[in-house]
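Observations on the model geometry
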Amino acid sequence: QVQLVESGGGLVQAGGSLRLSCAASGTIFSINTMGWYRQGPGKQRELVTTITRGGSTNYADSVKGRFTISRDNAKNTVYLQMNSLKPEDTAVYYCNAKGSGIYYGRDYWGQGTQVTVSS
């Protein structure tokens, strides 16, 4: 079993920054790729960014150049540094982890943390 707990959300003005954290516990050896999704008001959940255990990353076009994902395998934690925030970044941000090996195809989700960007 894997548990994911997000933190770091809050209210910020446009142009500001926030750093989200996601701490994983449980059967961490079964996790490969981790990432962040978000769901804004009236929108479907969308992929923001992912990172593999080895550090390979990808980003949605909407956040490239502004957001940075990183991973500390020793601490079983992933981070999302969000800079130059825009009102359209307002959403609940969810941490995600994908299983590997015998857990291939399984998704783990955090409870979400609210990010609100004011105009």
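One can find the structure itself at the top, above this paragraph.
What comes next concerns the included structure. (Residues numbered from 1 in each chain as written. Predicted model: local features only at pLDDT ≥ 70, side-chain atom pairs only at ≥ 80, totals over all residues. Heavy atoms only, no water.)

Along the protein chain, the regular secondary structure elements total zero helices and 11 strands. Overall, the protein chain shows an N-to-C arrangement of helices and strands of β-β-β-β-β-β-β-β-β-β-β. Against the 2.2 N^0.38 benchmark of 14 Å for 119 residues, the protein chain shows a C-alpha radius of gyration of 14 Å, consistent with a compact globule. Along the longest, intermediate and shortest principal axes, the C-alpha atoms of the protein chain span 45 × 25 × 25 Å. The buried share among the 119 residues of the protein chain stands at 41%. The long-range share in the protein chain, meaning contacts at least 24 apart out of those at least 6 apart in sequence, stands at 54%. Counting only carbon and sulfur atoms, one obtains 48% of the accessible surface of the protein chain, whose full area is about 6,200 Å². Once the 12 positive and 7 negative side-chain charges of the protein chain are each reduced to a mean point, those two points are 4 Å apart. (Helix = DSSP H or I, 4+ residues; strand = E, 2+ residues; numbered from the N terminus. Rg over C-alpha atoms; globule rule 2.2 N^0.38 Å. Buried < 20%, exposed > 50% of the residue type's maximum accessible area, 1.4 Å probe, protein only. Contact = heavy atoms within 4.5 Å. Areas by Shrake-Rupley, 256 points an atom, 1.4 Å probe, with all protein chains shown as cover. Lys, Arg positive; Asp, Glu negative; His and termini not counted. Charge placed at Lys NZ, Arg CZ, Asp CG, Glu CD.)

For the coordinates displayed, the defined rule picks out five salt bridges. Residue Glu 46 pairs with Arg 38 through a salt bridge whose shortest N-O separation is 2.8 Å. What makes Glu 46 partly exposed here is its relative accessible area of 35%. Taking the shortest distance from any N to any O, the salt bridge between Asp 61 and Lys 64 comes out at 3.0 Å. When salt bridges with common partners are traced through the structure, they connect Arg 38, Glu 46, Arg 66 and Asp 89 into a single cluster. (Salt bridge = Lys/Arg side-chain N within 4 Å of Asp/Glu carboxyl O.)

As a further point, take the environment of Gln 13. Within the element layout of this structure, Gln 13 appears in strand E2 (residues 10-13). Sequence separation between Gln 13 and Asp 107 is 94 residues, and the spatial gap between their C-alpha atoms is 32 Å. Excluding residues that lie within four positions of it along the chain, Gln 13 makes contacts with Val 117 and Ser 118.

Side chains Val 2, Leu 4 and Glu 6 project from strand E1 (residues 2-7) onto a buried face, and the interleaved Gln 3, Val 5 and Ser 7 project onto a face without burial. Where E1 lies against strand E3 (residues 18-26), six bridges are found, and the strand directions are antiparallel. Directly across from Gln 3, in E3, lies its bridge partner Ser 25. (Pairing = 2+ DSSP bridges.)

What follows covers the nonpolar core. Grouped together as the largest cluster of nonpolar side chains are 27 residues, with contacts concentrated most on Leu 4, Met 34, Trp 36, Phe 67, Leu 80, Met 82 and Tyr 93. For this core, the elements supplying multiple residues, two or more each, are E1, E3, strand E4 (31-39), strand E5 (46-51), strand E7 (67-72), strand E8 (77-82), strand E9 (91-99) and strand E11 (113-118). (Core = buried A, V, L, I, M, F, W, Y, C linked by side-chain atoms within 4.5 Å.)

The strand order E1-E3-E8-E7 describes an open sheet built from four strands, whose pairing is antiparallel. On the outer flanks of this sheet lie E1 and E7, each paired with one strand and no other. The mean inter-strand angle of the sheet, taken between neighbouring strand axes irrespective of direction, is 15 degrees. Strand direction decides the pairing type here: E3 and E8, joined by six bridges, are antiparallel. If you follow Leu 18 over to E8, its bridge partner there is Met 82. (Axes fitted to C-alpha atoms, helices over the stretch in contact; angles between N-to-C directions.)

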